[in-house]
Number of protein chains: 2
Amino acid sequence: MKMESEAPTPLRYSPHMPAPTLDFWFEFASTYSYPAAMRIGALAQPAGAALRWRPFLLGPIFKAQGWDNSPFNLYPAKGRYMWRDLERVCGALGLPFVQPAQFPQNSVLAARVALVGLAQGWGEDFVRAVYAAEFGAGRNIGEPTAIAEILSALRRDADAVIAEANSDAIKAQLRSNTDEAARLGIFGAPSFVTAHGELFWGNDRLEAALAWARR
Amino acid sequence: MKMESEAPTPLRYSPHMPAPTLDFWFEFASTYSYPAAMRIGALAQPAGAALRWRPFLLGPIFKAQGWDNSPFNLYPAKGRYMWRDLERVCGALGLPFVQPAQFPQNSVLAARVALVGLAQGWGEDFVRAVYAAEFGAGRNIGEPTAIAEILSALRRDADAVIAEANSDAIKAQLRSNTDEAARLGIFGAPSFVTAHGELFWGNDRLEAALAWARR
């Protein structure tokens, strides 16, 4: 089977060309989504890619595979490896890393708040702040007080935002994102999907995904 | 948790310093072991690393995790993704890729022959030839005739080599490799282990493993 090289063709984008889009599918319970979320913004800009930040839930997708827990807990050798590998990856990127006592964490409220924030322009900062709290400081972001603190630090009205995050419209939007992720063949996080439907899985595929998005 | 950067320190090795070693754990049934096997030799040399090629079997390790098949077959979304991703990875490296009809393949004879060859100096060429046949040409390397053809192309006496590969000593050596892999915490292939016991999993961790081996 012959195929083109993965190396990005050097293209120039003029303001008249639409920027290529890349969907960034992330889950707040996912460890490798942390480094991906922290670096994707800086990498997408010079690559000329317009990002769409897409929070979703892995729980329903894992359940469909017969898992009721993170595979990193179900398969201890894989879990031990992941924590050490994540520590090395974060070290190489200069990102703080603290293994949280609780894993995986309940990510539902954080994902709903992210949807509110992404519609209002402060979502990306919120996403980074949640990951930094969870895997950079070892906090439990499943606790609503942790989410409220992060919102306050971002100068948002925590009570109002959390009320909106728990609205039926936002709940439905998160379910719809998760359904779409499953339809796209997503089985883990982070994942990246180009406008042409090319799926990439894992923080270590971010560069390849951006190169494909530019084709 | 603070840690050093993963970026390799530029070290110079003199002939008086022992070369750092890196163990390359591979399994002929493993798809991503193909690109790793094809590129590790060329990458290890400038990195100043002495490689030890370590064939092993994933079957017993998967069985201990409750799997009686490849996870790529047990979890179809993951499997579909892997084949497309492998095609992209091979395309970027300029490696031929043909998805074999049979997956996973019986890798026992190939692994035993590799042990014979690695002790006699032609093992690395044999390993690359097996992977090229399996994932570059879509052949079934579980068939002894395929292994015999590869040996003949390498100008080895196929009957004699296969007889030695099926000796009790070689069988025991492969079992011992597999036991050692499990003790090292290896749960997939390819894996790389430095002299200090740092474990790296996946073709995409090869560069990081070589950088750590040089520390």
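Because the structure is predicted, anything quoted here is derived from the model rather than measured.

Take the overall build of chain A next. Scanning chain A for helices and strands turns up 10 helices and 4 strands. Secondary structure elements of chain A, listed N to C terminal, follow the sequence β-α-β-α-α-α-α-α-α-α-α-β-β-α. Here the C-alpha radius of gyration of chain A, 17 Å, is about what a compact globule of 215 residues would show, namely 17 Å. Taking all 215 residues of chain A together, 53% fall into the buried category. Within chain A, counting contacts between residues at least 6 apart in sequence, those at least 24 apart form 72% of the total. With an accessible surface of roughly 9,800 Å², chain A has 53% of that area assigned to carbon and sulfur atoms. One way to put it: in chain A the 21 positive side-chain charges average out to a point 4 Å from where the 21 negative ones average out.

On to the confidence of the model for chain A. Residues and elements named next belong to chain A. Here chain A shows a mean pLDDT of 92. Residues at 70 or above account for 92%. In this model, residues 1–13 is a region of pLDDT below 50 whose contacts with residues beyond four sequence positions or in other chains number 29 contacts. Here the prediction assigns the complex a pTM of 0.90, and the interface score ipTM is 0.88.

Turning to the pattern of salt bridges, a few remarks are in order. Summed over the entire model, instances satisfying the criterion amount to 26 salt bridges over all chains. Salt-bridge contacts for A:Glu198 lead to B:Arg84; the nearest nitrogen and oxygen are separated by 2.5 Å. With A:Glu198 in the loop between β3 (191–194) and β4 (199–201) and B:Arg84 in helix α4 (residues 76–93), this pair bridges two chains. Here B:Arg39 makes a salt bridge to B:Glu207, at a shortest N to O gap of 2.7 Å. Taken together, the residues B:Arg39 in helix α1 (residues 33–44) and B:Glu207 in helix α10 (residues 206–213) connect sequence positions 168 residues apart. The exposure class of B:Glu207 is partly exposed, given its relative accessible area of 40%.

Glancing now at the sheet that holds strand β4 (residues 199–201) of chain B. All names here are of chain B. Taken in spatial order, the 4 strands line up as β2-β1-β3-β4 in an open sheet, and their pairing is mixed. One side of each edge strand has no neighbouring strand; the edge strands of this open sheet are β2 (50–55) and β4. The mean angle between the axes of side-by-side strands here comes to 20°, regardless of whether they run parallel or antiparallel. In terms of strand pairing, strand β1 (residues 21–26) meets β2 through 6 bridges, oriented parallel. Paired with Asp23 across the two strands is Arg52, which belongs to β2. With respect to the sheet, α10 is in contact with β1, β3 (191–194) and β4, its orientation differing from that of β3 by roughly 10°.

This next bit is on the packing of α1(B) against α10(B). All names here are of chain B. Relative to each other, α1 and α10 sit at 35°, their axes nearing to 11 Å. Where α1 crosses over α10, the two elements pack in a sense that is right-handed. When α1 is examined against α10, the residues Ala36, Arg39, Ile40, Leu43 and Ala44 are found in contact with a partner set consisting of Leu206, Glu207 and Leu210. When the residues that make up the contact of α1 with α10 are grouped by side-chain class, the tally is 6 nonpolar, no polar and 2 charged.

Quick look at the sheet that holds β4(A) now. By way of backbone hydrogen bonds, the strands of a sheet pair with one another, either parallel or antiparallel. Residues and elements named next belong to chain A. Strand order in the open sheet made by the 4 strands is β2-β1-β3-β4, with mixed pairing throughout. The open sheet has two edge strands, β2 (50–55) and β4, and neither has a second partner. Averaged over all pairs of adjacent strands, the angle between their axes in this sheet comes to 20°, without regard to strand direction.

Below, the discussion takes up α4(B). Because the α-helix completes a turn every 3.6 residues, residues three or four places apart line up on one side. For α4(B), built from 18 residues, the straight-helix expectation of 26 Å at 1.5 Å per residue is met to within 8% by its first-to-last C-alpha distance of 26 Å. Of all the residues in α4(B), the buried ones are B:Lys78, B:Gly79, B:Tyr81, B:Met82, B:Trp83, B:Asp85, B:Leu86, B:Glu87, B:Arg88, B:Val89, B:Cys90 and B:Gly91. Considering only its buried residues, α4(B) is in contact with α4 (76–93), β4 and α10 (206–213) of chain A together with α1, α3 (71–74) and α6 (123–136) of chain B. Just downstream of α4(B), B:Gly94 is the residue with a positive phi angle, here 70°.

A word on the interface of chain B and chain A. Taken together, the 30 residues of chain B in the interface contact 30 residues of chain A. For the chain B and chain A pair, buried surface summed over both sides reaches about 3,100 Å², with 55% attributable to carbon and sulfur atoms. Viewed at the interface, chain A and chain B are joined by 8 salt bridges. Taking the shortest distance from any N to any O, the salt bridge between A:Arg88 and B:Glu198 comes out at 2.6 Å. Joining chain B to chain A, the criterion identifies 15 residue pairs in polar contact (both at pLDDT 80 or more). Of all elements in the fold, only α4 and β4 of chain B reach the threshold of two or more residues within the side of chain B that touches chain A. By residue number, the principal contributor to the side of chain B that touches chain A is α4(B), which donates 10 residues. Residues of the side of chain B that touches chain A, tallied by class, amount to 16 nonpolar, 4 polar and 10 charged.

Below, the discussion takes up α10(A). Most of α10(A) is tucked away, with 7 of its 8 residues classed as buried. Of all the positions in α10(A), only A:Leu206, A:Ala208, A:Ala209, A:Leu210, A:Ala211, A:Trp212 and A:Ala213 are classed as buried. Where α10(A) is buried, its residues touch β1 (21–26), α1 (33–44), β3 and β4 of chain A together with α4 of chain B.

Our next topic: the environment of A:Gly185. Mapped onto the elements, A:Gly185 comes out in the loop between α9 (168–183) and β3. For the pair formed by A:Gly185 and A:Leu199, sequence separation is 14 residues and the distance between their alpha carbons is 7.9 Å. For A:Gly185, the residues in contact, after removing those within four places along its chain, are A:Leu199 and B:Ala77.

Right, let's talk about the nonpolar core for a bit. Ranked by size, the top nonpolar core spans 135 residues in total, and within it A:Phe28 and B:Phe28 carry the most contacts. Discounting residues that sit within four places of it in the chain, B:Phe28 has contacts with B:Ser107, B:Ala110, B:Ala111, B:Ala114, B:Phe126, B:Val127, B:Val130, B:Tyr131, B:Glu134, B:Phe135 and B:Ile141.

Reading the values: the criteria
Residues numbered from 1 in each chain as written. Chains lettered and ligands numbered in written order. Predicted model: local features only at pLDDT ≥ 70, side-chain atom pairs only at ≥ 80, totals over all residues. Heavy atoms only, no water. Helix = DSSP H or I, 4+ residues; strand = E, 2+ residues; numbered from the N terminus. Rg over C-alpha atoms; globule rule 2.2 N^0.38 Å. Buried < 20%, exposed > 50% of the residue type's maximum accessible area, 1.4 Å probe, protein only. Contact = heavy atoms within 4.5 Å. Areas by Shrake-Rupley, 256 points an atom, 1.4 Å probe, with all protein chains shown as cover. Lys, Arg positive; Asp, Glu negative; His and termini not counted. Charge placed at Lys NZ, Arg CZ, Asp CG, Glu CD. pLDDT = per-residue confidence, 0-100. Salt bridge = Lys/Arg side-chain N within 4 Å of Asp/Glu carboxyl O. Pairing = 2+ DSSP bridges. Axes fitted to C-alpha atoms, helices over the stretch in contact; angles between N-to-C directions. Left-handed = near helix turned anticlockwise from the far one by under 90°. Nonpolar A, V, L, I, M, F, W, Y, C, P; charged D, E, K, R; others polar. Expected span 1.5 Å × (residues − 1). Buried area = accessible area lost by both parts, 1.4 Å probe. Polar contact = N/O pair within 3.5 Å; in protein donor to acceptor, adjacent residues only side chain to side chain. Core = buried A, V, L, I, M, F, W, Y, C linked by side-chain atoms within 4.5 Å.

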